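Residue-level structure breakdown
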Amino acid sequence: MDATTLDMPDDFAFGPDPDRPGWMRWALREQNRYNSTLGPMWVMKRDDGIVVVRTEPEHLQGNLANNVHGGAILTQVDISLFVCARLHGALRHGPAVTLDLNSHFVGAGKVGQPLDAEVEIIRETGRLMFLRGLVVQAGETVCAFTGTIRKTPAPRAKSQ
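The structure displayed is predicted, hence computed values, not measured ones.

**Here we look at the pairing of strand β3 (residues 41-45)**
Strand direction decides the pairing type here: strand β2 (residues 24-28) and β3, joined by three bridges, are antiparallel. Directly across from Met 24, in β3, lies its bridge partner Val 43. Here five bridges tie β3 to strand β4 (residues 51-55), and the two strands are oriented antiparallel to one another. Bridge pairing in β4 places Met 41 opposite Thr 55.

**What about the pairing of strand β7 (residues 128-137)?**
Relative to β7, strand β6 (residues 115-124) runs antiparallel, the two being bridged by eight bridges. Bridge pairing in β7 places Ala 117 opposite Val 135. The turn linking β6 back onto β7 is made up of three residues. Two elements, β7 and strand β8 (residues 140-151), share 10 bridges in a ladder whose sense is antiparallel. Across the sheet, the residue bridging to Phe 130 is Thr 148, located in β8. Connecting β7 to the next strand, β8, in antiparallel fashion are two residues, including Ala 138 with a positive phi near 50 degrees.

Calculation criteria
- Residues numbered from 1 in each chain as written.
- Predicted model: local features only at pLDDT ≥ 70, side-chain atom pairs only at ≥ 80, totals over all residues.
- Heavy atoms only, no water.
- Pairing = 2+ DSSP bridges.
- Helix = DSSP H or I, 4+ residues; strand = E, 2+ residues; numbered from the N terminus.

Given below as structure tokens:
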């Protein structure tokens, strides 16, 4: 994966992280947007096509039990759908929207440990993408998920 070969909108800061070989830094340029509540994110596209979106949850993302708040996990999952679509070159004509997101929490994420959303494309049509994945921490599954996003269609040719 090379940041120079992806058609990334100007809204994103995306590039290699010299402190984390194999990982790319992923961030919105506007740090006052909701996504920034997760803190820094790193992404990797594995050889099998699965995209991994990593966060490192801290106190802000924790609940009163010092586990990662479910809302923070779902935010990471939602973002991972779009990161996967972008890294596979599927969002070519603008933004997209989440149509549905189904999740099954099967464990607790711990604050202070990297949390990975591993996501893959199940099927892509002209306007829709169907994706699924797991949120994993230290080799244990925290959440399983599926989601559908609607892509912005290509602009129609103007009739003369």
